[in-house]
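Below, each chain spelled out in residue letters.
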Amino acid sequence: MKNILVTGAVGQIGSELTMELRKRFGNDNVVAGFHRTKPGDILKNSGPCEMVDCTNFEQVKDVVKKYNIDTIYHLAAILSAVAEAKPNLAWNVNINALYNVLEVAREHGCAVFTPSSIGAFGESTPLDNTPQDTIQRPSTMYGVTKVAGELLCDYYFKRFGVDTRGVRYPGIISNETLPGGGTTDYAVEIYYEAIKNKKYTCNLGKGTFLDMMYMPDAIKAAIDLMEADPAKLKHRNAFNVTAMSFDPEMIAASIKKIIPEFELEYDVDPVRQAIANSWPNSMDDSAAREEWGWKPEYDLEAMTKDMLDVLSKKIK
Ligand code: SER
C-alpha cells in the first residue's frame, strides 16, 4: 500500500498531480501538503490535507509519521522570476526545504520525487538538443538551487540509499492552477488572454525558443518515473523530459488556427528574457525514453486545441 505526501499540493503541478495520485492510489492514501495558500474545495473534499512548511523539519517529520508516508512528491518550490527577485527565499525553499525532505526520507525510508528544470542549464550549455549529461553553470538563483538539488538528491541515493528520482521539467502549460512567477508563464497566459481578449502582449521576444509540455504529460512523467523499475535507471534525479519546443510566434500561429482574429504583441521583460536566453532551445530526452519509456502524448497543435476547449468553457 502506498502512502503518499505531495508538498506544494496547491501549486500549478501539485493541484493536478494530487488528484491523479488519489485516483490511482486511493483518496485517503494521498496527503495534500500546503503552506501559504489553503487548498480549494476539490483538494479539501477528496482526501487528507495538512499544513506543512517544508522549511520546518519537524513539520515534515510529523506529517510523514502521522500518515506513515512512504513516497514524497516534493513540489514546493520557488520559480525562476520570483527567485531572481527574492534569492534568499529561493535558497530557503528550494534548498533548505529539500534538505529537510531528504533527511526525513532517509530516517523513514521514503522514496522522493523532486522536479528539476530547464533552469538547471546556463549560457555555456549547448542550447540546441541539450544533452542529458552536459555543462551546468546556470546564472540564476533558480538554476543554482536546481543544480544543487539534483546533486543533493543523487548524494542521498548514493550515500544513504534513499530512492530519489526526478526530471528536468520544461515550461508546463495547464488550465487548472496558474503558475506562480516563472519565465515560461507566458505560454499559459496567452491561452487565457486569447479567450478573454483575443489579444496578448508577450514578455518574451520573438524567436525565444523554449521546451514546453502540457500538464497531462507532466503528471505522467512524474508517476511513470516513480513507478519505473529501478534496475533500469542509470540516471535518477535529473532526466531531461520535453514534449515540444516553440517560440511565441509558433504558439500564436497555433491559436490563430482556431481563433483567426487573435493578435500577438510584444513588451519584453529584460529579466525574464535574460533568463530565457540562458536556457535550452530544445533538450535531448533520449535517456528518459530509453531508461523508463518516456513518451509525451501532446504536441503543440493537440495542446492548443485542448487548452482552448477547456478554457472557453471555464472563462465566460
Ligand atoms: N517554468 C519554470 C520557470 O519558468 C521553469 O522551470 O521558472
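Preceding this section is the structure that the text describes.
About the thresholds
- Residues numbered from 1 in each chain as written.
- Predicted model: local features only at pLDDT ≥ 70, side-chain atom pairs only at ≥ 80, totals over all residues.
- Heavy atoms only, no water.
- Helix = DSSP H or I, 4+ residues; strand = E, 2+ residues; numbered from the N terminus.
- Rg over C-alpha atoms; globule rule 2.2 N^0.38 Å.
- Buried < 20%, exposed > 50% of the residue type's maximum accessible area, 1.4 Å probe, protein only.
- Contact = heavy atoms within 4.5 Å.
- Areas by Shrake-Rupley, 256 points an atom, 1.4 Å probe, with all protein chains shown as cover.
- Disulfide = S-S within 2.5 Å.
- Axes fitted to C-alpha atoms, helices over the stretch in contact; angles between N-to-C directions.
- Parallel < 35°, antiparallel > 145°, perpendicular 65-115°, else oblique.
- Left-handed = near helix turned anticlockwise from the far one by under 90°.
- Nonpolar A, V, L, I, M, F, W, Y, C, P; charged D, E, K, R; others polar.
- Pairing = 2+ DSSP bridges.

**Some points on the overall build of the chain**
So, step 1. Within the chain, the secondary structure is distributed over 12 helices and 14 strands.
So, step 2. Radius of gyration (C-alpha) of the chain: 19 Å, near the 20 Å computed for a compact globule of 316 residues.
So, step 3. For the chain, the C-alpha atoms occupy an extent of roughly 55 × 45 × 35 Å along the three principal directions.
So, step 4. Each of the 316 residues in the chain was classed as buried or not, and the buried ones make up 55%.
So, step 5. Counting contacts in the chain only where the partners sit at least 6 residues apart, residues at least 24 apart contribute 79% of the total.
So, step 6. For the chain, the accessible area works out to roughly 13400 Å², and carbon and sulfur atoms hold 50% of it.

**A closer look at the state of the cysteines**
So, step 1. Per the counting criterion, the structure on display carries 0 disulfides.
So, step 2. Unpaired in terms of disulfides, Cys-54 finds its nearest cysteine sulfur in Cys-110, a separation of 12 Å.

**Things to note about the packing of helix α1 (residues 12-25) against helix α8 (residues 215-227)**
So, step 1. The geometry of α1 relative to α8 is characterised by a closest axis approach of 10 Å and an angle of 55° between their N-to-C directions. In terms of their interaxial angle, α1 and α8 are classed as oblique. When you trace α1 past α8, the crossing you get is right-handed. For the pair formed by α1 and α8, the contact residues are Gln-12, Ile-13, Glu-16, Leu-17, Glu-20, Leu-21, Arg-24 and Phe-25 on the first element and Met-215, Ile-219, Ala-222, Ile-223 and Glu-227 on the second.
So, step 2. When grouped by side-chain class, the residues that make up the contact of α1 with α8 number 8 nonpolar, 1 polar and 4 charged.

**Describing the sheet that holds strand β13 (residues 244-246)**
So, step 1. Ordered by their spatial adjacency, 3 strands build an open sheet running β9-β11-β13, and the pairing between neighbours is mixed. The open sheet has two free edges, formed respectively by β9 (171-173) and β13, since each of these has just one partner strand. Sheet twist, expressed as the mean angle between neighbouring strand axes with direction ignored, is 40°.
So, step 2. The sheet contacts of helix α7 (residues 186-196) involve β9, β11 (210-214) and β13, and relative to β9 the element is tilted by about 25°.

**Quick notes on the pairing of strand β2 (residues 30-34)**
So, step 1. Extensive coverage of β2 is indicated by the burial of 5 of its 5 residues.
So, step 2. Burial of the side chains of β2 extends over both faces: Val-30, Ala-32 and Phe-34 are buried on one face and Val-31 and Gly-33 on the other.
So, step 3. Of the strand pairs in this sheet, strand β1 (residues 4-7) and β2 are connected by 3 bridges, and their pairing is parallel. Following the sheet pairing, Val-6 is matched in β2 by Ala-32.

By themselves, these are just geometric observations and shouldn't be taken as functional.
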